[in-house]
Amino acid sequence: MTKQNHWSIIQERGSLIGIKTLFAFYRYGGRYIALIILYPVIFYFFITGKTSRNASQNYLKKLHQCGYLAIKPGYMMSFRHFLSMGFSALDKIDVWLGKITFNSINHVNYHLFEPLLTTKQGALILGSHLGNLEVCRALSNDNSEAFFNVLVFTEHAQKFNEFLNTLNEDVKINLIEVKEIGPDLAILLKEKIDQGEYVVIAGDRTSTTVAGRVIYNDFLGEPAPFSQGPFILAGLMQCPVLMMFCLKEQNKYQLIFEQLSTGVQWTRKTRQETLAQLITDYAATLEKYCSLYPLQWFNFFDFWQRDDSARATRIENNKSK
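As a starting point, this report considers the structure included with it.

Cut-offs used in this document
- Residues numbered from 1 in each chain as written.
- Predicted model: local features only at pLDDT ≥ 70, side-chain atom pairs only at ≥ 80, totals over all residues.
- Heavy atoms only, no water.
- Pairing = 2+ DSSP bridges.
- Helix = DSSP H or I, 4+ residues; strand = E, 2+ residues; numbered from the N terminus.
- Polar contact = N/O pair within 3.5 Å; in protein donor to acceptor, adjacent residues only side chain to side chain.
- Buried < 20%, exposed > 50% of the residue type's maximum accessible area, 1.4 Å probe, protein only.
- Expected span 1.5 Å × (residues − 1).
- Axes fitted to C-alpha atoms, helices over the stretch in contact; angles between N-to-C directions.
- Contact = heavy atoms within 4.5 Å.

The pairing of strand β6 (residues 214-219) with strand β7 (residues 222-227) spans six bridges and is antiparallel. Bridge assignment links Asn217 to a residue of β7, and that residue is Ala224. Counting the residues in the hairpin turn of β6 and β7 gives two residues, including Leu220, whose phi is positive at 55°.

Looking at where Arg205 falls in the secondary structure, it is placed in the loop between β5 (198-202) and β6. There is a polar contact of 2.7 Å between the side chain of Arg205 and the side chain of Asn299.

Time to look at the pairing of strand β2 (residues 123-127). Working note: regular strand, side chains alternate between the two faces of the sheet. Extensive coverage of β2 is indicated by the burial of five of its five residues. Side chains of β2 alternate between two faces, with Ala123, Ile125 and Gly127 and Leu124 and Leu126 buried alike. Pairing between β2 and strand β8 (residues 241-249): three bridges, direction parallel. The residue bridging Ile125 from the neighbouring strand is Leu242, located in β8.

It is worth spelling out helix α2 (residues 50-65) at this point. End to end, α2 covers 22 Å across 16 residues, agreeing with the expected 22 Å (1.5 Å per residue, within 8%). For α2, the set of buried residues is Ser52, Arg53, Ala55, Ser56, Gln57, Tyr59, Leu60, Lys62 and Leu63. Remark: Gly67 follows α2 within two positions and exhibits a positive phi of approximately 90°.

Glancing now at the sheet that holds strand β1 (residues 106-108). The mixed open sheet is built from seven strands, whose spatial order is β1-β9-β8-β2-β5-β3-β4. Of all the strands in the sheet, just β1 and β4 (173-177) have a single pairing partner and so form its edges. In this sheet, neighbouring strand axes are inclined to one another by 25° on average, regardless of whether the strands run parallel or antiparallel. For β2 and β5, the ladder comprises five bridges, and the chain directions are parallel. Along β5, the bridge assignment pairs Ile125 with Val200. On the sheet, helix α8 (residues 229-237) packs against β2, β3 (148-152), β5 and β8 and is oriented at approximately 165° with respect to β2.

That is the geometry; function is a separate question.
This is the structure in structure tokens:
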């Protein structure tokens, strides 16, 4: 993957300005007025965003080829995909204003998480860009025992969350801006987990600083690069590892937990095999929920690009000799 095509370089166009504008309309005109404004704004981004539009088409076609979509996707379905992202922005505002609460969310497999709260057992939670992970803030706000440390990898994400924090400061979320996962960060996160807190990191984005530290795993019928970092953390933390999704169904969110491990243990000999199995389980679970909630996947870049284009070129050249 060339640096110019990396997800962190592809600008999330107008996201911060857009959410502030949307919030202004929401504050003075309510959600209905914000929805009216939302449609032409999303249409503009859809028409002018060729890279994001192509990424949406590519993803939806893979779902169709895998048998998860009965209808062959066209531009209308891609536009609905974009709209889904816009609706999730409104829901972020609802979370911050306290309109989406712990009790207004359906809980799926909550029995996997509740005992951790009861025993004050920390855990690593692997999230993704499927659904609206911001809803976990409702869990934090309503339940005094749940404290989340969320790792963010771009300056944009940090600024975006700082703005949302101005809407509601009574949320137990600690944002940790990360350039790379190193020993100092691992020690800090281990301390958090030992204190009974939860560390949240997305498992579906590659490193912003170093190319090639990935494991390729099948996802929607084609190998995709998954960063090793989050899964190496799982081994270092030696704690329960969960996946968490916040997915919308019939105007209500489903807060879903899946267990990846009760505690990752490996030796020098088994490390790579265990790491690969964790990523395989993560990718399979992510694909399962993409198939159930196809329009809630908010990775608008080519997810299947090789993470090291130079290495990929060398491999192709060697094959042709």
